[in-house]
Each structure stands twice: as C-alpha cells, then as structure tokens.
Amino acid sequence: MEYWNSTLGSGFILMGILKDSGSPELLCVIITVLYMLALTSNGLLLLVITVDSRLHVPMYFLLGQLSLMDLLFTSVVTPKALMDFLRSENTISFAGCALQMFLALMLGGAEDLLLAFMAYDRYVAICHPLNYMVFMRPRVCWLMVATAWILASLSAIVYTMYTMQYPFCKARNIRHLLCEIPPLLKLACADTSRYELFVYVMGVTFLMPPLLAIISSYALILFTVLHMPSNEGRQKALVTCSSHLTVVGMFYGAATFMYVLPSSLHSPKQDNITSVFYTVVTPALNPLIYSLRNKEVMGALKRVLGKYML
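Each chain has its residues counted from 1, running along the sequence as written. Per-residue local features of the predicted model are confined to residues with pLDDT of at least 70, and side-chain atom pairs are confined, for both listing and counting, to 80 or more; whole-chain, interface and lining totals are unaffected and use all residues. Side-chain descriptors were evaluated using all non-hydrogen atoms of the structure, hydrogens and water having been removed beforehand.

Caption draft 1: Local environment of the overall build of the protein. Here a strand is any run of E in DSSP of at least two residues, a helix any run of H or I of at least four, and the numbering for each starts at the N terminus. Helices and strands together make up the secondary structure of the protein, namely 10 helices and 3 strands. In sequence order, the secondary structure elements of the protein are arranged as β-α-α-β-α-α-α-β-α-α-α-α-α. Here the C-alpha radius of gyration of the protein, 21 Å, is about what a compact globule of 310 residues would show, namely 19 Å. Oriented by its inertia axes, the alpha-carbon framework of the protein measures out at about 70 × 45 × 35 Å. Think of it in three bands: residues with accessible area under 20% of the maximum for their type are buried, residues over 50% are exposed, and the middle band is partly exposed, with areas taken using a 1.4 Å probe on protein chains only. A buried classification covers 49% of the 310 residues belonging to the protein. Each accessible area is a Shrake-Rupley result for a 1.4 Å probe, and residues are judged covered by the shown protein chains and nothing else. Within the structure as shown, the protein displays about 15400 Å² of accessible surface, and the carbon and sulfur contribution to it stands at 70%. Only C-alpha atoms enter the radius of gyration; for comparison, a globular chain is expected to reach 2.2 Å times N to the power 0.38, where N is the number of residues.

So this is what it looks like as structure tokens:
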C-alpha cells in the first residue's frame, strides 16, 4: 500500500459526527449550546471558588480543579469541530493532531486521578471528620493535584509519541471527532496489534485502580452514613455523594467504552457519540450536578453575583 508523508503533507481529515448526522445544522446548534453552557458553568464555578473565602476548603479546591480540566478539555475539541463544520474544512495538520491527542489524553488522565482524590476527600470528611484538616491539609491537596497533572502528562507524552511514529496510509480520513488512539491506529500501515494490546492493558491499569479506590471510598461512606444518628447529616452526606457518583459514572462509562472494550466492539458512529458525550456533554453537566444541589455553592454564587452586579 502506498504511504504518504504526514509530516510534510496536509495532515489528516477529521470526519467528526456533524457531517454524518441526519440533521447536521440542528446537531451543530445543540453542541454550540452545550459548549457555551460548559464555558459559563465551569467559569462561574471557578470564579466563585476563587473569590469566596468560605469555599477555600479542600473539597472545593479539588472541585475547582475538576472545572478547570473540564473547561480545557471541551475547548481542545469543540471549537475546532464547530469551525470545521461552518467553514466546510475538516483538515488538521500532523502536529495539530499530535497536540490535540496529547492534550485530550492529559486532561482525561488527570480527571481520572482527580475523581479518585475527590472520593478520598469525601471519605475523610464523612468517616474521619475530626481529622479532616490533618489528612486534607493544603500541602496534601496540592500534592494530589500535582500528582494528577504530572502522571497524566507523562502518560500522554508516551502515548502520543508512540502513536504518531507509525507510518500512515494514503487514506487520511479519521472517522472521529478528534485525534484519538483507536481511530488513528486504523490508518496505520503497520501491525498495531501489540500496541493495541498495550493500550488496552494500560487503559485497564490506569482506569481500574482509581475506580476501585472510588468504589471502596463510597462503600465505606455508605456504611458510615447508614449508622449516622442525625437524619439531616445523613441526607446531606447522601446528596453530596450521589452528585460525585453521577460524575464518576459518566466519566468512567465513556472512558471504559473507548479504551477498555475491544476494538471489535467499536463502530465509528458509537465512538463519535461517546466522544461527544465526554468532550461536550459531561463538561457541561458536571458543574450543574455539583452546584445545583449544593447550598454552599449556590449561596456563594448569589453573593459573588450580587457583589459584581451592584
């Protein structure tokens, strides 16, 4: 099969989901609305957590990092997808594809680890409240955040460099919303079976320990909550934990589908729907899930908006 020089040529063509949909204009409007919602909700949540001193506690510090990751993640993919559709131009350079893959993997990996740290934070707050500020002192919180960013960055660099070193065939259509490993490997003119197995094993290795930590944390939380004497305390704990578990379910469901399920069970349409879910839908819903049912956040939002609008 004939090869093409991806470093000197015009790069790849991202087919995305808009062109193949039955109503591309309607889908474009929906994605635009969700993207604006993600920008607004995550931006407001970051502003409130930064400005209001009452939210300067570990739980909201970690929540602010989650909003930052969601804000960056959706901005890596969505604006280009929308502009490509409006301009009818879907090309992305080789370097641009590599950069997009690196950023998506880094932000997704960082969120994976951060959700586990957030579950640990809730475990300490509910099961060991008297020692909360000892176990979750500022230095520990910064170490958690730094660990999530650094480990995810190192992992993303290795994946990106190894994926992009493959020779690619003359056909350069990526049937996906963004440059990701599974759809890109389908264009490789080389045997990628060992690397696909490696991606699968590392995907399980990277996703499963945080997920098990989350499940263990919430199992211990549930056991403690059920033995609480106060109905009010029990209800508050359950509301907080249910919000966290909703976010965890959305994130890990999409990540498991893309990187843990065998490629034989994937189709371009399913992959595109999943990619829209974790790049657009989840970042838009996460801050709403955390804030709408949280009286402290809503109170802080009213104080901040009242302050700046007066």
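Caption draft 2: Representation of a nonpolar patch on the surface within the structure. Distance thresholds for patches are 9 Å for like charges and 5 Å for nonpolar side chains (Val, Leu, Ile, Met, Phe, Trp, Tyr), applied to residues having over 30% relative accessible area and no salt bridge. A pair is scored as a salt bridge if a Lys or Arg side-chain nitrogen falls within 4 Å of a carboxyl oxygen belonging to Asp or Glu. A grouping of Ile 150, Leu 151, Leu 154, Ile 157 and Met 161 is seen on the molecular surface, where their side chains present a nonpolar patch of about 490 Å² in accessible area. Along the polypeptide, Leu 154 turns up in helix α5 (residues 138-164).

Caption draft 3: Empty space enclosed by the protein, seen in detail. Both site types are read off a 1 Å grid over the protein atoms alone. A 1.4 Å probe that fits but cannot get out defines a cavity, while an open set with protein on both sides within 12 Å along at least five of seven lines defines a pocket; lining residues have an atom within 4 Å of a point. Grid points are joined across faces, edges and corners, and a volume is the space filled by probe spheres set on the points. Enumeration according to the criterion identifies 3 cavities of 30 Å³ or more in this entry. Of the voids in this model, the largest cavity is the one considered here, and its volume is about 380 Å³. Lining the largest cavity are 22 residues, and of these Leu 105, Gly 108, Gly 109, Leu 207 and Tyr 259 sit closest to its centre. Mapped by element, the contributors of at least two residues to the lining of the largest cavity are α3 (94-127), α5, α7 (193-226) and α8 (231-259).

Caption draft 4: Local environment of the sheet that holds strand β1 (residues 12-14). Following DSSP output, two strands are said to pair if at least two bridges run between them. As summarised here, the arrangement of the 3 strands in space is β2-β1-β3, forming an open sheet in which the pairing is mixed. The open sheet has two free edges, formed respectively by β2 (91-92) and β3 (173-174), since each of these has just one partner strand. Here β1 runs beside β2; their pairing, made up of 2 bridges, is antiparallel. Bridge assignment links Phe 12 to a residue of β2, and that residue is Ile 92.

Caption draft 5: Seen up close, the environment of Arg 87. Relative to the helices and strands, Arg 87 resides in helix α2 (residues 58-87). A relative accessible area of 49% means that Arg 87 is categorised as partly exposed. A C-alpha to C-alpha distance of 44 Å links Arg 87 and Cys 141, two positions 54 residues apart in sequence.

Caption draft 6: Quick look at the state of the cysteines. In this description, a disulfide is simply a cysteine sulfur pair whose atoms lie within 2.5 Å. This model, assessed by the stated rule, comprises 1 disulfide. Put simply, Cys 97 and Cys 179 are joined by a disulfide, and their sulfur atoms are 2.1 Å apart. Negative torsions about the S-S bond denote left-handed disulfides, and the value of about -120° found for Cys 97 with Cys 179 makes this one left-handed. Residue Cys 97 is found in helix α3, and its partner Cys 179 is found in the loop between β3 and α6 (181-185); the two are separated by 82 residues along the sequence.

Caption draft 7: Fine view of the UniProt feature "transmembrane region" (unreviewed entry) in the protein. Sites flagged by UniProt as "transmembrane region" (unreviewed entry) map to residues 24-48, 60-78, 98-120, 140-162, 197-225, 237-261 and 273-292. A helix fraction of 100% and a strand fraction of 0% characterise residues 197-225, whose end C-alpha atoms lie 41 Å from each other. UniProt positions are given in the numbering used here, feature names are shortened, and annotations may be inferred rather than shown by experiment.

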